[in-house]
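Read off the chains here:
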Amino acid sequence: MSKRILLLGAPGAGKGTQSKRLAEEYGIEHITTGDALRANKDMETEHGTPREYMDAGDLVPDAVVNEIVDAALADADGFVLDGYPRNLSQAEYLSEQTDLTAALFLDVGEDELIRRLTGRRMDPETGDIYHTEFNMPDDEEIEARLVQRDDDTEEVVKDRLETYYDNTEPVIDHYREQGALVEVDGEAHPDEVFERITDVVESEA
Ligand code: ADP
Ligand code: ADP
């Protein structure tokens, strides 16, 4: 049966980096609410545009993100879910939609999160994730087109971490209390972290 993996972690923990690799490794969909919202940042909803929330480091209203996840789950057999659920009401919604084969928490300390977020760069053409210190492309053409996300500035990063502690840590506690969460130390080379994650995913299958 296809894998249905939930990857939890703070902003900057490495969820996007690892999810991309997991999707390739297992031939499953990468469902990421962050990318979906960035692609629709100025879409008018009855709650305003996603941009208003994202640029302030706040959560976009549940109704908007639940709809994105609903549509993505309907199209996916197996998946790795990245950036959702971010509060308890989203976690409840998710449990009504699907069962998971593995739930992992990527654990990274705050100093390292800030270093990773403020140095993050994105390739707008491929969506690939880079870092000014830890991971730059060899290709100069790619390097020249990299951009920094609007919300990866030091000021918004602080607000996003606060939003994470207030809203998303309770979600992690919730899965932990259910005995359903495997914690993975995310402070190592991306290859090493990937191996730790696949070890868990394969032992839970
Ligand atoms: P998230 O999706 O959890 O916000 P990303 O995967 O976008 O995190 O990673 C945040 C930043 O940290 C990116 O610049 C990425 O290149 C870098 N990064 C990811 N994993 C590691 C790692 N294991 N070691 C060092 N830097 C990393
Ligand atoms: P990161 O993993 O670095 O925090 P994401 O790309 O996952 O960043 O999310 C960027 C922004 O998109 C968040 O700060 C938030 O405003 C919004 N967002 C993403 N996922 C959700 C979600 N599940 N619920 C509410 N808002 C979300």
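Residues numbered from 1 in each chain as written. Chains lettered and ligands numbered in written order. Predicted model: local features only at pLDDT ≥ 70, side-chain atom pairs only at ≥ 80, totals over all residues. Heavy atoms only, no water.

- Naming follows an unreviewed UniProt entry, where the protein appears as Adenylate kinase of Halohasta litchfieldiae.
- Under the Function (unreviewed entry) heading, UniProt states for the protein: "Catalyzes the reversible transfer of the terminal phosphate group between ATP and AMP. Plays an important role in cellular energy homeostasis and in adenine nucleotide metabolism."
- As stated in UniProt under Sequence similarities (unreviewed entry), the record for the protein gives "Belongs to the adenylate kinase family." (UniProt positions renumbered as here; feature names shortened; annotations may be inferred.)

1. Brief notes about the site of ligand 1
Right, on to step 1. As a matter of local geometry, ligand 1 sits amid 17 residues, with G12, T17, R120, Y130 and A188 nearest to it.
Right, on to step 2. Here T17 contributes a side-chain N or O atom positioned 2.6 Å from an oxygen atom of ligand 1.
Right, on to step 3. The contact in question runs from a nitrogen atom of ligand 1 to an N or O atom on the backbone of A188, over 2.8 Å.
Right, on to step 4. Starting from 560 Å² of accessible surface for ligand 1 in isolation, the protein chains cover 92%.
Right, on to step 5. Mapped onto the shell around ligand 1, the elements with two or more residues apiece are α1 (15-26) and β6 (129-131).
Right, on to step 6. In terms of residue class, the shell around ligand 1 is made up of 8 nonpolar, 6 polar and 3 charged. (Near = heavy atom within 4 Å. Polar contact = N/O pair within 3.5 Å; in protein donor to acceptor, adjacent residues only side chain to side chain. Areas by Shrake-Rupley, 256 points an atom, 1.4 Å probe, with all protein chains shown as cover. Helix = DSSP H or I, 4+ residues; strand = E, 2+ residues; numbered from the N terminus. Nonpolar A, V, L, I, M, F, W, Y, C, P; charged D, E, K, R; others polar.)

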